[in-house]
Amino acid sequence: MAVSDFKQPLMQRALSVSRLTGNKSTFPDWYQAIVREADMAELSPVRGSMIIKPWGYGVWERIQQTMDRRIKAMGVDNCYFPLFIPLGFFAKEAEHVEGFAKEMAVVTHHRLKLIDGKLQPDPDAKLDEPLIVRPTSETIIGDAFSRWIKSHRDLPMKINQWANVVRWEMRTRLFLRTSEFLWQEGHTAHASREDALKSTLEALEMYREFSEAVLAVPVIAGEKPENERFPGADNTFSIEAMMQDGKALQAGTSHYLGTSFARAQNIRYQGDAGELEFCHTSSWGTSTRLIGGLIMTHGDDDGLRLPPAVAPRQVVVVPMLRGKPEDAEVLAYGQALVKDLEQQFALGEPIRALLDVKDQKSADKRWNWVRRGAPIIVELGPRDAAGGQVTFMRRDDLRDGDRVKNQAMSRDDFVTAAPGLLASIQQTLFDEAKARLDANIVSDLTTFDQVAEHFGQVADEDEEASPFRGWVRASWSRPSGDDLEAVVQKLKAFKLTLRNAPMDQPVSFGPCIFTGAPGVEEILIGRSY
RNA sequence: CGGAGUGUGGCUCAGUCUGGUAGAGCACCGCGUUCGGGACGCGGGGGUCGCAGGUUCGAAUCCUGCCACUCCGACCA
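What counts and what doesn't
Throughout, residues of each chain are indexed from 1 in the direction in which the sequence is written. Lettering of chains starts at A and numbering of ligands starts at 1, both following the order in which they are written. Note on the predicted model: pLDDT of at least 70 is required for a residue's local features to be given, and 80 or more for side-chain atom pairs to be given and counted; whole-chain, interface and lining totals, by contrast, use all residues. Starting at the N terminus, helices and strands are each numbered in turn, a helix being any DSSP run of H or I of at least four residues and a strand any DSSP run of E of at least two. As a reference, a globule follows 2.2 Å times the number of residues to the power 0.38, and the radius of gyration itself is taken over C-alpha atoms. Counting other C-beta atoms within 10 Å of its own, a residue is labelled buried from 20 upward, exposed at 12 or fewer, and partly exposed in the gap between, with every C-beta atom placed from the backbone. Residues are defined as contacting one another if the C-beta atoms placed from their backbone atoms lie within 7 Å. The nonpolar core is taken to be a set of buried Ala, Val, Leu, Ile, Met, Phe, Trp, Tyr and Cys residues joined by way of C-beta atoms within 7 Å. We treat two strands as partners when DSSP finds at least two bridges between them. For every residue, the predictor states its confidence as a pLDDT score lying anywhere from 0 to 100. Axes, fitted as lines to C-alpha atoms, cover a helix only where it is in contact. Angles between the N-to-C directions of the axes lie from 0 to 180 degrees.

A. Molecular detail of the overall build of chain A. Each helix and strand in chain A was counted, giving 15 helices and 28 strands. For a compact globule of 529 residues, the expected C-alpha radius of gyration is about 24 Å, and chain A comes in at 26 Å, within 12% of that figure. C-alpha atoms of chain A, sized along the principal axes, occupy 80 × 60 × 60 Å. Every one of the 529 residues in chain A was classed for burial, and the buried ones make up 45%. Long-range contacts, defined as pairs at least 24 residues apart, comprise 69% of the intrachain contacts of chain A with a sequence gap of at least 6.

Below is the structure:
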């Protein structure tokens, strides 16, 4: 496949049109504009931390609800561990500490005192052992596992928690990378490597299915190369999504931790022959970053487009109220419509409908819902009420700066058709993103020179304006250690990274694109977030 | 922590070089005309010009120091 002639509509529009972004025109500016205009989140007074607004949090709640069902279906129970982790817990696993040491928030005091007119940590209230605000919970959950697991009959142990974590990142971006973020983290312990690995892959597959079915974001599941592994993990797997600027976003990760965490924390079980064995553990997580991926996958120049499965409100009814007597009739008509819609099931759940009665011009209300990405926006006026009609637009129809495309339908037909319409919107958004992904993975390059030519050199300051290039999929010899480092450095000059080795691999391979040595697997290469 | 840049109403910015006491568009509020497709007119609210010193009769503007943010690098769900 040659470089696709996919038109990068969004990127082009972001560069030429500026309905949302004012004078600015890069993809990041467009992204920020959508986060703001769609009322998803805003920067908080705390550096690198965001305030998630009701509409944005509503999307997160939908993610939680739909994923939680899948997590439970895997036989995983929810629980909750403390926000604070004793510093000493991290010292036990060397690689793990090293990986997170540079981004830990540390609590050292438990009281403030007015000293010289300034509130300061009270020197007399210093903690003997500092507490870490969790960057992830392997250590404290491992500690519990070491007490909970005694026998092979306790295995497998599978738990999950929905929580906030803190990683003191140098650079932050709303949803994509914030100092504090919300996530779920699954942790499992098993008797054998096979069982733990199976669990790791089961979580990965759950993420893939979730991303595609719920978020309508197509992804490629695969194994991360050695240099991209989670600190302390034996194997790390990920799902990678392609954003509308062609960059990759790691949307979820699943790790097989081997026995290293078990050894560090003494997680052992007694087998049926009476012998003590170390557990094999896994952990896996997805975060509010998914929302960033959702925005960068489905957004357009009018704002966000939400897949119905995650839209907090799937059908928003905007009554055309004009401060006149017939308003009452329109309102009643709208209320009855919402009530009937809520009786319907779409994508396996009751339809989430809303009658927007806010005291605001109906044109403004409609466009606000367009910006927020409500899948179906219904407009009800006196004419509809009188004629038993419904006028509505599908958010997925509104593209490329087209005018709103309204459709009319009889009220009862609309109520019956709504589930199908929502399912269709869900599918359309997925298909669009899938076509973009498929069309922009180049797989006919055989040398690094070709890769270099394909992506082109990017000067630092031009990165955001660099052309859409998608990803390259190529054979490689899966080097490790210094040889891998050489490859990483080679890619770095082009701002490229190894994304993952997709799960579906061919039976034979060409020569390694980096060294010419015999290839052993195919790897995805691209720019990333 | 290194390199570059920017701090002026909610947003995007002008004004800074050449000091004279703060502006525009959008957003917001009121009234009117409109209102089945992101309306228009008139009126209005909102800013200690990042902070602290200094120079000056006078500082958004000049000087010094600090802080914050953005982008690049290192880090990363």
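B. Molecular detail of the nonpolar core. Counting residues in each nonpolar core, the largest one holds 130 residues, and the members touching the most others are Ile377, Val378 and Ile525. In terms of residue count, helix H13 (residues 411-439) provides more of this core than any other element does, 10 residues in total. If near-sequence neighbours (up to four positions away) are discounted, Ile525 is found in contact with Val451, Trp471, Val472, Ala474, Leu491, Leu496, Leu498 and Arg499.

C. Highlighting helix H11 (residues 362-372). Within the span of H11, buried status applies to Lys365, Arg366, Asn368, Trp369, Val370, Arg371 and Arg372. Tucked into the core, H11 has its buried residues touching helix H2 (27-37), helix H3 (54-73), strand S17 (315-319) and strand S21 (376-380). One or two positions beyond H11, positive phi appears at Gly373, with a value near 90°.

D. Up close: the sheet that holds strand S12 (residues 235-242). Judged by pairing direction, the sheet is mixed, and its eight strands sit side by side in the order S3-S9-S10-S16-S13-S12-S11-S27 without closing on themselves. Only two strands of the sheet have a single neighbouring strand rather than two, namely strand S3 (77-78) and strand S27 (501-502). Where strand S13 (residues 248-256) lies against strand S16 (residues 280-287), four bridges are found, and the strand directions are antiparallel. Looking across to S16, one finds that Ser254 is bridged to Trp284.

E. Region of interest: the confidence of the model for chain A. When the pLDDT values of chain A are averaged, the result is 88; 91% of them are 70 or greater. A low-confidence stretch, residues 1-19 stays under pLDDT 50, and its non-local contacts, those more than four residues away or across chains, total 31 contacts. The ipTM for the predicted assembly is 0.86, set against a pTM of 0.93.

F. Here's a closer look at the pairing of S21. Most of S21 sits inside the fold, with five of its five residues counted as buried. The sheet contact formed by S17 and S21 spans five bridges and is parallel. In the strand pairing of S21, Val315 is matched with Ile376.

G. A look at the sheet that holds strand S23 (residues 406-410). If you walk across this open sheet you meet the five strands as S20-S17-S21-S22-S23, and the pairing is mixed. Each of the sheet's edge strands pairs with one partner strand only, and the pair in question is strand S20 (353-355) and S23. Between one strand axis and the next, the sheet turns by 25° as a mean value, whatever way the strands run. Contacting S17 and S21, H11 crosses the sheet at an angle of about 165° to S17.

H. Quick look at unusual backbone geometry. Cis geometry is adopted by the peptide bond preceding Pro156, which originates at Leu155 and carries an omega value of -5°. When you line up the elements, Pro156 lands in the loop between helix H6 (138-148) and strand S9 (157-166). The backbone phi angle of Phe175 is positive, close to 70°, even though this residue is not glycine. Counting through the fold element by element, Phe175 comes out in the loop between S9 and strand S10 (180-190). Of note in this structure, Ala216 is not a glycine but carries a positive phi near 60°. With 27 C-beta atoms counted inside 10 Å, the residue Ala216 sits in the buried group.

I. Just the environment of Val35, in detail. Take Val35: it is sitting in helix H2. C-alpha separation for the pair Val35 and Gly292, spaced 257 residues apart in sequence, amounts to 8.6 Å. In contact with Val35, not counting residues within four places along its chain, are Met40, Ala41, Leu174, Phe175 and Ile295.

J. Fine view of the pairing of strand S25 (residues 471-476). Here S25 lies mainly inside the structure; six of its six residues are buried. Burial along S25 is two-sided: Trp471, Arg473 and Ser475 and Val472, Ala474 and Trp476, pointing in opposite directions, are all buried. Sheet topology places strand S24 (residues 441-442) next to S25; two bridges connect them, and they run parallel. Considered in S25, the bridge of Ile441 is made with Trp471. Bridging between S25 and strand S28 (residues 521-526) involves five bridges; their strand directions are antiparallel. From the neighbouring strand, Arg473 faces S28, where its bridge partner is Leu524.

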